[in-house]
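The lines below spell out each chain.
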There are 2 protein chains.
Amino acid sequence: MSQHRHPGTPGRAGAVPALPDLPEATVARLPEYLRALHNLAETGHETVSSEGLANAAGVNSAKLRKDLSHLGSYGTRGVGYDVALLIDQIESVLGLTQCRSVALVGVGNLGHALAGYDGFASRGFRIAALFDASPSRVGEEINGLVVRHVDELPRVATEESISIGVIATPASAAQAVADQLVAVGVTSILNFAPCVLSVPEGVDVRKVDLAIELQILSFHEHRKASLTALPATGGSALTALPGGLAATDNQEAIGT
Amino acid sequence: MSQHRHPGTPGRAGAVPALPDLPEATVARLPEYLRALHNLAETGHETVSSEGLANAAGVNSAKLRKDLSHLGSYGTRGVGYDVALLIDQIESVLGLTQCRSVALVGVGNLGHALAGYDGFASRGFRIAALFDASPSRVGEEINGLVVRHVDELPRVATEESISIGVIATPASAAQAVADQLVAVGVTSILNFAPCVLSVPEGVDVRKVDLAIELQILSFHEHRKASLTALPATGGSALTALPGGLAATDNQEAIGT
DNA sequence: CGCGATTTGTGCACCCCTTCACAAGCGCCT
DNA sequence: AGGCGCTTGTGAAGGGGTGCACAAATCGCG
Ligand SMILES: NC(=O)c1ccc[n+]([C@@H]2O[C@H](COP(=O)([O-])OP(=O)(O)OC[C@H]3O[C@@H](n4cnc5c(N)ncnc54)[C@H](O)[C@@H]3O)[C@@H](O)[C@H]2O)c1
Ligand SMILES: NC(=O)c1ccc[n+]([C@@H]2O[C@H](COP(=O)([O-])OP(=O)(O)OC[C@H]3O[C@@H](n4cnc5c(N)ncnc54)[C@H](O)[C@@H]3O)[C@@H](O)[C@H]2O)c1
């Protein structure tokens, strides 16, 4: 945990936009709102209510309002939120106004899929360079980018001003790659390798682990099976769950 | 969340193993412990202390002990945990004692990578079937499996007793695919498409969204840049911050 | 056989997050 | 202009998770 809290930096009442220090949970949901807003904008909506947006993003409307209030959002009571304005606000807060350059290390099975993914560019990210250690990979061209040897990372990193590193190597190489990324000044890493990375303070690491997701699902599957197996005392225990709707499921959150 | 909650089903003090109803945060960490334990087992360790395991899993040792205590784990004071025993315990709780069959829908860019991933089998999951809607994909053989048309899902699902569905189609098709999966009895879905899925209560959905991860990293990158820009009042305000772990499923930098 | 070193299990306090419920604000219609 | 319905923004309550700190338990050794 590097930070996300500023016990010592209260207001800094400068003339600057005054970084609002958002709750981490809120930050994790903003991209979700952003996507929903883009969908709304494309379908011609100019304003949207918290209820409508919350629905589109799969969250509680009160939660959404509180999230937006954290970033000092400007909604209009009785009307809702201006879609275009809100998009700008969120993109500004997330730092998406500038296009960020991503370096992808490990162009194997998964790396190929990532390199060929067009979802990067459409969200303001640019894959600036591909790296691999295997001679058989180096030189290969994917989507207009040539795979370079990982030793070239220092040079390319400064040239392209990389701000995010993505690791898609086997777990055994991930820590070494992370060290190399950190060494060239990368302070944000997305790790697909199933392992824990040690990085200096100030460097953020997020991981995506397929096996973990499946195992979590497995647990719930297991539990659901156990529950239906023993129908409890009263009989139909599957009725009368409060909450009414609650169709969608998130995590994240969560936990996931 | 759909369920994970039992306001009406208290103890059920039966003689059965008595499903412990674990905290969700604990469930999300168990797979991490499991991987660390497997690594330890392979390197010859027979026992491990909470400190050692916590270190290997990248968490606080107190948190690890509490997690394990939740599943009524048997450690030995003064010694630690028996690695093999703990592996069995966790796998049992996660429902990994039986091999779960996975159906993968959408064999495109990402789907290919997933289909060719050997990390499934090694974690107790078996890709039982591949589906796609495009005629150009159907019939293709990947890793010994033939891609079938998605219309065959009902038949194959019953034959293979699918317990988890993975969606790797474009977002526009994801809801329809989810509906089809639910229709054939799948109650756990892993969704790679960047969209919100509506599913009936009792069905678990977990999502993996690359764009969201990158945008969260972007936010922190943005904030770090803003902080270094204005060195605040006193001077070095960037020293030692105590840890308050974030709530979502994220995990961040640990010093050394 | 007892003692100290070691490590687990957990009570507790704190903090973050979620959710409800409602007052305040805004636009529209009469 | 004024009232009315709709929606935002937020205070407060409740729940869950985290990590400290310590008592209880176990082993090895003298
Ligand atoms: N394929 C998937 O669907 C999938 C899913 C989830 C997680 N993962 C994880 O993602 C990672 C990559 O998976 P994959 O299937 O692409 O594996 P892969 O073996 O196909 O590709 C790994 C690539 O990394 C390169 N590499 C190895 N060491 C390197 C180094 N030190 N520097 C730079 N490049 C290096 C290899 O040359 C290879 O091209 C693995 O850790 C895997 O567990 C993969
Ligand atoms: N490629 C990546 O690295 C990546 C990363 C993150 C997320 N994603 C997401 O994963 C999804 C798949 O990405 P992709 O790059 O593989 O796309 P893709 O277009 O290469 O593959 C999509 C596949 O789904 C199939 N399909 C379409 N409609 C279908 C239906 N109704 N039923 C069954 N199959 C259907 C298509 O025929 C195609 O083969 C997308 O939603 C994408 O946003 C991809």
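Residues numbered from 1 in each chain as written. Chains lettered and ligands numbered in written order. Predicted model: local features only at pLDDT ≥ 70, side-chain atom pairs only at ≥ 80, totals over all residues. Heavy atoms only, no water.

Inspection of the region around ligand 1 gives 23 residues, with Asn109, Leu110, Asp132 and Thr169 of chain A together with Tyr117 of chain B positioned closest. At ligand 1, the nearby residues belong to more than one chain, namely chains A and B. Here an oxygen atom of ligand 1 sits 2.8 Å away from a polar atom, N or O, in the main chain of Asn109 of chain A. Between ligand 1 and Ala113 of chain B there is a distance of 3.1 Å, counted from an oxygen atom to a backbone nitrogen or oxygen. Protein coverage of the free-state accessible area of ligand 1, which is 820 Å², stands at 81%. Taken together, the elements giving at least two residues each to the shell around ligand 1 come down to helix H5 (109-115) and helix H7 (171-183) of chain A together with helix H5 (109-115) of chain B. Considering every element that reaches the shell around ligand 1, the biggest residue donor is H7 of chain A, with three residues. A breakdown of the residues in the shell around ligand 1 according to their chemical character gives 16 nonpolar, five polar and two charged. (Near = heavy atom within 4 Å. Polar contact = N/O pair within 3.5 Å; in protein donor to acceptor, adjacent residues only side chain to side chain. Areas by Shrake-Rupley, 256 points an atom, 1.4 Å probe, with all protein chains shown as cover. Helix = DSSP H or I, 4+ residues; strand = E, 2+ residues; numbered from the N terminus. Nonpolar A, V, L, I, M, F, W, Y, C, P; charged D, E, K, R; others polar.)

Quick look at the protein's contact with DNA strand C now. Near DNA strand C you find 28 residues, and of these Arg29 and Arg77 of chain A together with Ser50, Arg65 and Tyr81 of chain B are the closest. Each atom of DNA strand C within 4 Å of the protein was classed as base or backbone; sugar and phosphate made up 66%. Contact between DNA strand C and Ser50 of chain B: a phosphate oxygen at 2.5 Å from a main-chain N or O atom of the residue. At 2.9 Å from a base nitrogen of DNA strand C is found a side-chain nitrogen or oxygen belonging to Arg65 of chain B. Residue assignment for the surface near DNA strand C shows that the elements contributing at least two residues are helix H1 (24-42) and helix H3 (61-70) of chain A together with helix H3 (61-70), strand E2 (75-76) and strand E3 (80-82) of chain B. A per-class count over the surface near DNA strand C returns seven nonpolar, eleven polar and ten charged.

Time to look at the sheet that holds strand E2 (residues 75-76) of chain A. All names here are of chain A. Sheet architecture is open: three strands sit in the order E1-E3-E2, paired in antiparallel fashion. Looking at which strands have only one partner, the edges of the open sheet turn out to be strand E1 (47-48) and E2. Sheet topology note: the E2/strand E3 (residues 80-82) ladder contains two bridges and is antiparallel. Paired with Gly75 across the strands is Tyr81, a residue of E3. On top of the sheet, helix H4 (residues 83-94) reaches E1 and E3; it is set at about 70° to E3, its chief contact. (Pairing = 2+ DSSP bridges. Contact = heavy atoms within 4.5 Å. Axes fitted to C-alpha atoms, helices over the stretch in contact; angles between N-to-C directions.)

A few words now on the site of ligand 2. Taken together, 23 residues lie near ligand 2, and Tyr117 of chain A together with Asn109, Leu110, Asp132 and Thr169 of chain B sit nearest. At the site occupied by ligand 2, nearby residues are drawn from chains A and B. Contact distances for ligand 2 include 3.1 Å between an oxygen atom and a backbone N or O atom of Ala113 of chain A. One of the side-chain N or O atoms of Arg137 of chain B is found 3.3 Å from an oxygen atom in ligand 2. Taken by itself ligand 2 offers 820 Å² of open surface, and the protein chains cover 81% of this. Within the residue set of the shell around ligand 2, elements represented by two or more residues are H5 of chain A together with H5 and helix H7 (171-183) of chain B. The element contributing the most residues to the shell around ligand 2 is H7 of chain B, with three residues. For the shell around ligand 2, a count of residues per class yields 16 nonpolar, five polar and two charged.

Next up on the list: the packing of H1 of chain A against H3 of chain A. All names here are of chain A. In the contact formed by H1 and H3, the axes pass within 10 Å of each other and the chain directions differ by 105°. Classified by the angle their axes make, H1 and H3 are roughly perpendicular. Contacts between H1 and H3 involve Thr26, Arg29 and Tyr33 from the first element and Lys63, Leu64, Asp67, Leu68 and His70 from the second. Here the residues of the contact of H1 with H3 are counted per class, giving three nonpolar, two polar and three charged. (Parallel < 35°, antiparallel > 145°, perpendicular 65-115°, else oblique.)

For the rest of this paragraph, the subject is the domain arrangement of chain A. When cut into domains, chain A gives domain 1 (24-94) and domain 2 (100-210). Domain 1 of chain A and domain 2 of chain A are separated by 31 Å when their C-alpha centres are compared. (Domains from an automatic or database assignment.)

All names here are of chain B. The strand order across the open sheet formed by seven strands is E6-E7-E5-E4-E8-E9-E10, and the pairing between neighbours is mixed. Of all strands in the sheet, those with a lone pairing partner are strand E6 (141-142) and strand E10 (204-207), marking the two edges. Against the sheet, helix H6 (residues 153-160) touches strand E4 (100-105), strand E5 (125-132) and strand E7 (145-149), its axis set at about 170° to E5.

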